[in-house]
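Summary of the model geometry
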Amino acid sequence: MKKINHKIIFVMLFFAVIACETITPEPYNGKFFMAFETPELAVDEDEGTIEIPVLMGATKSDTDVTINYEVTSNDNAVGLYTIESEGTVTVPAGETIGYIVLTPTDNSIFDGEKTLTFTLTGSSRSDLIIGFDGPDKLNSTLSVTINDNDCPFGDITEWAGAYDVTMTLSFGFIFNPGTYTGLDATLTVGANGNTLVDPDFGYLSLSGRAPVPVTFNLDAEGLTTNIIGTPYNFSDGTTENAVYAYGTAPNERVYTNDAPNGLGFIATCTKTFTVKARIKRQDGTTGQILLMTYKKL
């Protein structure tokens, strides 16, 4: 858990006035207060849990002190953060600082900058004014900016072009199982929506077989990928969207999306995406599980 560093200066005792040889103490005429350390704070959405200090400029209490606050947010922040015991912060007995515990949600979607505004409203101690300086209420509010660490998807045409490819096979009948690196592909924009076409998916041409073009759908909202195919009727009675690969019945091979074992994912900042697929035999059994990772050059 991360704590925000803070320096607190309290002038709370007395001023000394020296007259002749007699020291006459004067009582502290200020007021006890509650305030944020700073009026502004910026964090990244992947920063994890942070502790925001709330200061109590007062004599220490023998019991816990509850400080109340309200929090509002812009539309981008709705549902994308959690606060422990939202609305109250506790200054433990014998202490002068309490902490609001805030955890931004680290997602993989470009949802923009989030802003939270915390406003102090009162406390369980009647002698605490709100803010450092009475009517001016210095630091009675705190604006927290949560920076997005994701990137927008952009236009699909930005994704077309040359890619470095890594191919991983669970087991194989064309290639030996394992991971193959240093492969490459040039992808073009497909006919519909956010789609890209790999003209030689799975590198069948390296095995001496005819290349198979495969179209991927890149879901910019869910940041997932899947293979676009057409209904294929396997001899076991199942039907799946699939892309015909090679062979003849009963030993045809077809590419299918790897659902329900999970779709591929998209990393928009680096224009990287992963496609998971099965190569199935015509009888419906799995001949190979394939994981392809494309990183744009």
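Above this text is the structure in question.
To keep things clear, this report deals only with the structure shown in the data block. (Residues numbered from 1 in each chain as written. Predicted model: local features only at pLDDT ≥ 70, side-chain atom pairs only at ≥ 80, totals over all residues. Heavy atoms only, no water.)

**So, the overall build of the chain**
When helices and strands are counted, the chain shows zero helices and 24 strands. Residues classed as buried in the chain amount to 40% of the 297 residues present. Restricting the contact set of the chain to residue pairs at least 6 apart, pairs at least 24 apart contribute 62%. For the chain, the accessible area works out to roughly 15,300 Å², and carbon and sulfur atoms hold 52% of it. (Helix = DSSP H or I, 4+ residues; strand = E, 2+ residues; numbered from the N terminus. Buried < 20%, exposed > 50% of the residue type's maximum accessible area, 1.4 Å probe, protein only. Contact = heavy atoms within 4.5 Å. Areas by Shrake-Rupley, 256 points an atom, 1.4 Å probe, with all protein chains shown as cover.)

**Looking at the state of the cysteines**
For the structure shown, the criterion picks out one disulfide. In this model cysteine 151 forms its disulfide with cysteine 269; the gap between the sulfur atoms is 2.1 Å. In this structure, the disulfide formed by cysteine 151 and cysteine 269 twists by about 100° around the S-S bond and is classed as right-handed. Of the two residues, cysteine 151 sits in the loop between strand S13 (141–147) and strand S14 (161–169) while cysteine 269 sits in the loop between strand S22 (264–267) and strand S23 (272–281), which places them 118 residues apart along the sequence. Given the relative accessible area of 26%, cysteine 151 is considered partly exposed. For cysteine 269, a relative accessible area of 45% translates into the label partly exposed. (Disulfide = S-S within 2.5 Å.)

**Re the sheet that holds strand S11 (residues 114–123)**
Read from one edge to the other, the open sheet built from five strands follows the order S5-S13-S11-S7-S9, with strand pairing classed as mixed. Two strands in the sheet have a free side with no partner beyond their single neighbour: strand S5 (40–44) and strand S9 (88–91). Looking at each pair of strands side by side, their axes are set apart by 25° on average, direction ignored. Two strands pair when backbone bridges link them, and S11 and S13 are joined in this way by six bridges, in the antiparallel orientation. Within S13, the residue paired with lysine 114 across the bridge is isoleucine 146. (Pairing = 2+ DSSP bridges. Axes fitted to C-alpha atoms, helices over the stretch in contact; angles between N-to-C directions.)

**A look at the environment of glycine 247**
Here glycine 247 lies in the loop between strand S20 (239–246) and strand S21 (253–257). Considered as a pair, glycine 247 and arginine 209 are 38 residues apart in the sequence and their alpha carbons are 9.8 Å apart.

**A few points about the pairing of S20**
Where strand S19 (residues 230–233) meets S20, four bridges bridge the pair, whose relative direction is antiparallel. Note that in S20 the partner of tyrosine 232 across the bridge is glutamate 240. Linking S19 to S20, which pair antiparallel, is a turn of five residues; within it glycine 237 sits at a positive phi near 95°. Sheet analysis places S20 next to S21, joined by four bridges and oriented antiparallel. Bridging across to S21, tyrosine 244 finds its partner in valine 254.

**A closer look at the nonpolar core**
Among the nonpolar cores identified, the biggest contains 34 residues, and Trp159, Phe201, Phe216, Tyr255, Phe273 and Tyr294 are the most heavily contacted of them. Breaking this core down by element, the ones donating at least two residues are S14, strand S15 (178–189), strand S17 (214–219), S20, S23 and strand S24 (286–296). Contact partners of phenylalanine 201, with chain neighbours within four places excluded, come to Val212, Val214, Phe216, Ile227, Tyr255, Val275, Ala277, Leu290, Met292 and Tyr294. (Core = buried A, V, L, I, M, F, W, Y, C linked by side-chain atoms within 4.5 Å.)

**Some points on the packing of aromatic side chains**
Throughout the structure, instances matching the rule amount to 12 aromatic pairs. Here the aromatic cluster, defined as three or more aromatic residues joined through ring pairs, consists of Tyr163, Phe201, Phe216, Tyr255, Phe273 and Tyr294. Lying across the ring of tryptophan 159, lysine 271 places its NZ or CZ 5.7 Å from the centre. Cation over ring: lysine 280 sits above phenylalanine 234, and NZ or CZ is 5.6 Å from the ring centre. (Phe/Tyr/Trp six-rings, centres within 6.5 Å; stacked < 30°, edge-to-face > 60°. Lys NZ or Arg CZ within 6 Å of the ring centre and 35° of its normal.)

**Regarding the environment of asparagine 147**
Here asparagine 147 lies in strand S13. Residue asparagine 147 is classed as partly exposed on the basis of its relative accessible area, which comes to 26%. Put simply, asparagine 147 and threonine 115 are 32 residues apart on the chain and 8.7 Å apart in space, counted from C-alpha to C-alpha. Only 3.5 Å separates the side chain of asparagine 147 from the side chain of aspartate 44, close enough to count as a polar contact. (Polar contact = N/O pair within 3.5 Å; in protein donor to acceptor, adjacent residues only side chain to side chain.)

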